[in-house]
Amino acid sequence: MGRTLAEKVWDAHVVRRAEGEPDLLYIDLHLLHEVTSPQAFDGLRQAGRRVRRTDLTIATEDHNTPTLDVDKPIADPVSRAQIETLRKNAAEFGVRIHSLGDVEQGIVHVVGPQLGLTQPGMTVVCGDSHTATHGAFGALAFGIGTSQVEHVLATQTLPMAPFKTMAVTVEGDLPEGVGAKDLILAVIARIGTGGGQGYVIEYRGQAIRNLSMEGRMTVCNMSIEAGARAGMIAPDETTFAYLNGRPHAPQGADWDAAVAYWKGLATEADAVFDKEVVIDAAELSPFVTWGTNPGQGAPLGESVPDPVAIEDPVERAAARKAIAYMGLTAGQKLRDIAVDTVFVGSCTNGRIEDLREVAGIIKGRKVADGVRMLVVPGSVRVSLQAVSEGLDKVFTDFGAEWRYAGCSMCLGMNPDQLAPGERSASTSNRNFEGRQGKGGRTHLVSPQVAAATAVLGHLAAPADLSTAGV
Amino acid sequence: MEAFTTHTGTAVPLRESNVDTDQIIPAHWLKKVTRDGFEDGLFEAWRKNPEFVLNQPERAGATVLVAGPDFGTGSSREHAVWALQNYGFKTVISARFADIFRGNSQKGGLLTVVLPQETVERLWALTEADPTAEITVDLVDRQVRAGELVADFEIDDYTRWRLLEGLDDIGLTLRHEEDITSFEATRPTWLPRTQPVG
């Protein structure tokens, strides 16, 4: 029986396999940021250990960093101390770091791919659950906790429990106006926030193959929201074209050797997945969340569900609580939900293609009265590219705030937060209670829906703009 | 890591599903650079409600958290484990845990016990009716006992052994350093490096 992509990458990284023990896997790339690493470096220090492979390790500052006044000292002393701790640790242990103000700084999951450090067939880890993003390249990429960060720093390996394989096949073509974000939100609603637990998902099918690398990263990024350990997409010509010429991509004969290897990674025809989910792309439409977990979503054309109609008692109770927290009523049309804030950014949708999508929709229009819109590029490189294309001007002419790169309002660790009771349409990945600020209410949306929502002031798709005559 | 063999304590019945890590410990607490001092951040938003189960005086000193399914979803923050431990919890029982949270808890010695939702419901009923009711979580026998209830749970032998012995993963891995070095010699030369090797 043939092997799946995930099994091939796993098998190629087994350092040690012993009966009754988890496999010890080698880690090809370890990404660090300021939030989940300080206690790990402390552990190394206490044990007198060093970083085994500084040449496979890279750090950036993203979660805490401000998106305004980045030339000044960070105002929040606790955030500043955490970032300074990362800088000190990087210097002490010899880790490459891209600090605020550096041209390569940005969200860790945007920085890795754009540098060409994320490549097919690699194992990639980071103390951040959205590490799944890197699976878009056919890498096996896991989010890990701080103890595991310390483990990788010390040994460049991780003992990993075996995984199950799931194929999510999206057949056919996505309809016009439906993108990667709509697709993954629909997948999560279908399999649930725990449905992927224990699995590595491989996304397959024509609709997946037709996605750009940015779109594939959006899809893999949110695998964790379905509870999966990782998400992957087999590398193909789209992957190779994205990588070719990037700073850390192989060159010359190395490139040929690498591509030959990468081409052999695809799941074999006779491989069997432990679970298969098939989705017809033609049935998908713009998708938004109404609740407080990413599985509580529905097509934009539908309404807030009535909990009474939900059969499972646990789900029913969760829906009831979510609707109350969100300040909605059962049966309310999703399109009727007015927002205060639109956030465009994050490791899910803060890449150049996302910014182009949004700019294309809002160009020549004005932000709805009373709506605040934040556009936060995923990295300095994305920001520079956007400026070179004049997108920053499109955003500011529209009435949006064009900010500096970072995680920003996705999790509100910096000053970019919702006030209590405020409602956002957000291109980020989590709609948990208080995620974007205490008492804040988040609707997860695609960049296209975010743009149309900013124009109309309520949840909307680009197709609604012509109907509304704006 | 502190070894876990068997633990008996009173419980907090948390009738919530999908308890995500942003609820367990909100992001603004993650700016701390230590592993302790997170107890006040545990369920911070929910604790503002006086009715919240953790605020009930009879739950003081409880060490066993019994929660709804999909506990620990969301981010990879190990701070969620530290917050539960700093508060005083020794073990969490749920029908399903998010993978990363479960992995983190096993590193830090917070025992996560998976039991069917029906059993969780029985534990809720028992501990809601009698807040002084104790739950025993026995890792040696892989069993949860409370009143009349006896429920076996599964945990892989390796993790159980590590927890029973309180062993540090890094130390265990470094016993096999030669294997790591041998593996490194076989890695393709075209794999990326973040900096030149000095």
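Bear in mind the structure is a predicted one, so any value in this text is a computation, not a measurement.

**Digging into the sheet that holds strand 6 (residues 143–146) of chain B**
All names here are of chain B.
Reasoning step 1: In space, the seven strands of this open sheet follow the order 4-3-2-1-5-6-7, with mixed pairing throughout. The sheet terminates laterally at strand 4 (111–114) and strand 7 (149–152), the two strands that pair on one side only. In this sheet, neighbouring strand axes are inclined to one another by 25 degrees on average, regardless of whether the strands run parallel or antiparallel.
Reasoning step 2: By the bridge criterion, three bridges tie strand 5 (residues 134–138) to strand 6 in an arrangement that is antiparallel. Each residue of the ladder has a partner; that of Thr136, found in strand 6, is Arg145.

**Some points on helix 15 (residues 391–398) of chain A**
All names here are of chain A.
Reasoning step 1: Within the sequence span of helix 15, burial applies to Leu391, Asp392, Val394, Phe395 and Phe398. Buried residues of helix 15, viewed axially, fall in a sector of 160 degrees; they line one side.
Reasoning step 2: Trailing helix 15 by a residue or two, Gly399 shows a phi angle of about 110 degrees, which is positive.

**Let's talk about the packing of aromatic side chains**
Reasoning step 1: Counted according to the given criterion, the structure contains 18 aromatic pairs over all chains.
Reasoning step 2: Taking 5.8 Å as the distance between ring centres and 55 degrees as the angle between the ring planes, the aromatic pair formed by Tyr261 of chain A and Trp190 of chain B counts as tilted. Residue Tyr261 of chain A is found in helix 10 (residues 252–263), and its partner Trp190 of chain B is found in the segment after helix 8 (177–186); the two belong to separate chains.
Reasoning step 3: You can call Tyr261 of chain A partly exposed: its relative accessible area is 35%.
Reasoning step 4: For the ring pair Tyr87 of chain B and Phe89 of chain B, a centre distance of 5.5 Å and an interplane angle of 20 degrees mean the geometry is stacked.
Reasoning step 5: Take Tyr87 of chain B: its relative accessible area is 27%, and that puts it in the partly exposed class.
Reasoning step 6: One aromatic cluster in this structure is built from Phe240, Trp255, Tyr261 and Trp262 of chain A together with Trp190 of chain B.
Reasoning step 7: Sitting over the ring of Tyr242 of chain A, Arg246 of chain A keeps its end group 3.8 Å from the ring centre.

**Some points on the pairing of strand 3 (residues 91–94) of chain B**
All names here are of chain B.
Reasoning step 1: Here strand 3 shows no split at all, with Thr91 and Ile93 on one side and Val92 and Ser94 on the other all buried.
Reasoning step 2: Relative to strand 3, strand 2 (residues 64–67) runs parallel, the two sharing three bridges. Note that in strand 3 the partner of Val66 across the bridge is Ile93.
Reasoning step 3: Regarding the hand of the β-α-β motif, the stretch spanning strand 2, helix 3 (residues 79–87) and strand 3 is right-handed.
Reasoning step 4: Looking at chain direction, strand 3 and strand 4 are connected through four bridges and run parallel. Bridge pairing in strand 4 places Val92 opposite Thr112.
Reasoning step 5: Where the polypeptide runs from strand 3 across helix 4 (residues 99–108) and back to strand 4, its parallel neighbour, the crossover connection is right-handed.

**Overview of the interface of chain B and chain A**
Reasoning step 1: Facing 57 residues of chain B, the contacting portion of chain A comprises 77 residues.
Reasoning step 2: Contact between chain B and chain A buries roughly 5500 Å² in total, counting both sides, with carbon and sulfur atoms accounting for 55%.
Reasoning step 3: When residues of chain B are sorted by the area they lose upon contact with chain A, Lys31, Trp190 and Thr194 of chain B head the list and together hold 15% of the total.
Reasoning step 4: Inspection of the region where chain B meets chain A yields eleven salt bridges.
Reasoning step 5: Here Asp22 of chain B ties to Arg435 of chain A by a salt bridge, and the two come within 3.0 Å at their closest N and O atoms.
Reasoning step 6: Summed over the shared surface of chain B and chain A, the number is 39 residue pairs in polar contact (both at pLDDT 80 or more).
Reasoning step 7: Secondary-structure elements contributing two or more residues to the side of chain B that touches chain A are helix 1 (21–24), helix 2 (44–47), helix 3, helix 4, helix 7 (169–174) and helix 8 of chain B.
Reasoning step 8: When the residues that make up the side of chain B that touches chain A are grouped by side-chain class, the tally is 18 nonpolar, 18 polar and 21 charged.

**Quick notes on the pattern of salt bridges**
Reasoning step 1: Inspection of every chain in the model, using the stated rule, returns 42 salt bridges over all chains.
Reasoning step 2: Put simply, Arg16 of chain A and Asp179 of chain B hold a salt bridge, and the shortest N to O gap is 3.8 Å. Pair noted here: Arg16 of chain A is in strand 1 (residues 14–16) and Asp179 of chain B is in helix 8, and the two residues belong to different chains.
Reasoning step 3: Judged by relative accessible area, which is 29%, Asp179 of chain B ranks as partly exposed.
Reasoning step 4: Taking the shortest distance from any N to any O, the salt bridge between Glu389 of chain A and Arg356 of chain A comes out at 2.7 Å. Pair noted here: Glu389 of chain A is in the loop between helix 14 (380–388) and helix 15 and Arg356 of chain A is in helix 13 (residues 352–362), with a separation of 33 residues, a long-range link.
Reasoning step 5: Each member of the salt-bridge network shares a partner with another, and the members are Arg52, Arg53 and Asp55 of chain A together with Glu177, Glu184 and Arg193 of chain B.

**Observations regarding the domain arrangement of chain A**
All names here are of chain A.
Reasoning step 1: One can read the domain layout of chain A as domain 1 (5–263) and domain 2 (300–468).
Reasoning step 2: Using C-alpha coordinates to define each centre, domain 1 is positioned 24 Å away from domain 2.
Reasoning step 3: Domain 1 puts 38 residues into the contact, and the matching count from domain 2 is 35 residues.
Reasoning step 4: A combined buried area of about 2900 Å² lies between domain 1 and domain 2, and 57% of that area is made up of carbon and sulfur atoms.
Reasoning step 5: Sorting the residues of domain 1 by area buried against domain 2 places Thr67, Ile107 and Lys181 first, and these three jointly supply 23% of that buried surface.
Reasoning step 6: Our count for the contact surface shared by domain 1 and domain 2 stands at two salt bridges.
Reasoning step 7: We note a salt bridge from Glu104 to Arg381, for which the minimum N-O separation is 2.6 Å.
Reasoning step 8: Linking domain 1 with domain 2 are 21 residue pairs in polar contact (both at pLDDT 80 or more).

Quick notes on the rules
- Residues numbered from 1 in each chain as written.
- Chains lettered and ligands numbered in written order.
- Predicted model: local features only at pLDDT ≥ 70, side-chain atom pairs only at ≥ 80, totals over all residues.
- Heavy atoms only, no water.
- Pairing = 2+ DSSP bridges.
- Helix = DSSP H or I, 4+ residues; strand = E, 2+ residues; numbered from the N terminus.
- Axes fitted to C-alpha atoms, helices over the stretch in contact; angles between N-to-C directions.
- Buried < 20%, exposed > 50% of the residue type's maximum accessible area, 1.4 Å probe, protein only.
- Arc of directions from axis to C-beta.
- Phe/Tyr/Trp six-rings, centres within 6.5 Å; stacked < 30°, edge-to-face > 60°.
- Lys NZ or Arg CZ within 6 Å of the ring centre and 35° of its normal.
- Right-handed = clockwise from strand over helix to strand, strands pointing away.
- Contact = heavy atoms within 4.5 Å.
- Buried area = accessible area lost by both parts, 1.4 Å probe.
- Salt bridge = Lys/Arg side-chain N within 4 Å of Asp/Glu carboxyl O.
- Polar contact = N/O pair within 3.5 Å; in protein donor to acceptor, adjacent residues only side chain to side chain.
- Nonpolar A, V, L, I, M, F, W, Y, C, P; charged D, E, K, R; others polar.
- Domains from an automatic or database assignment.

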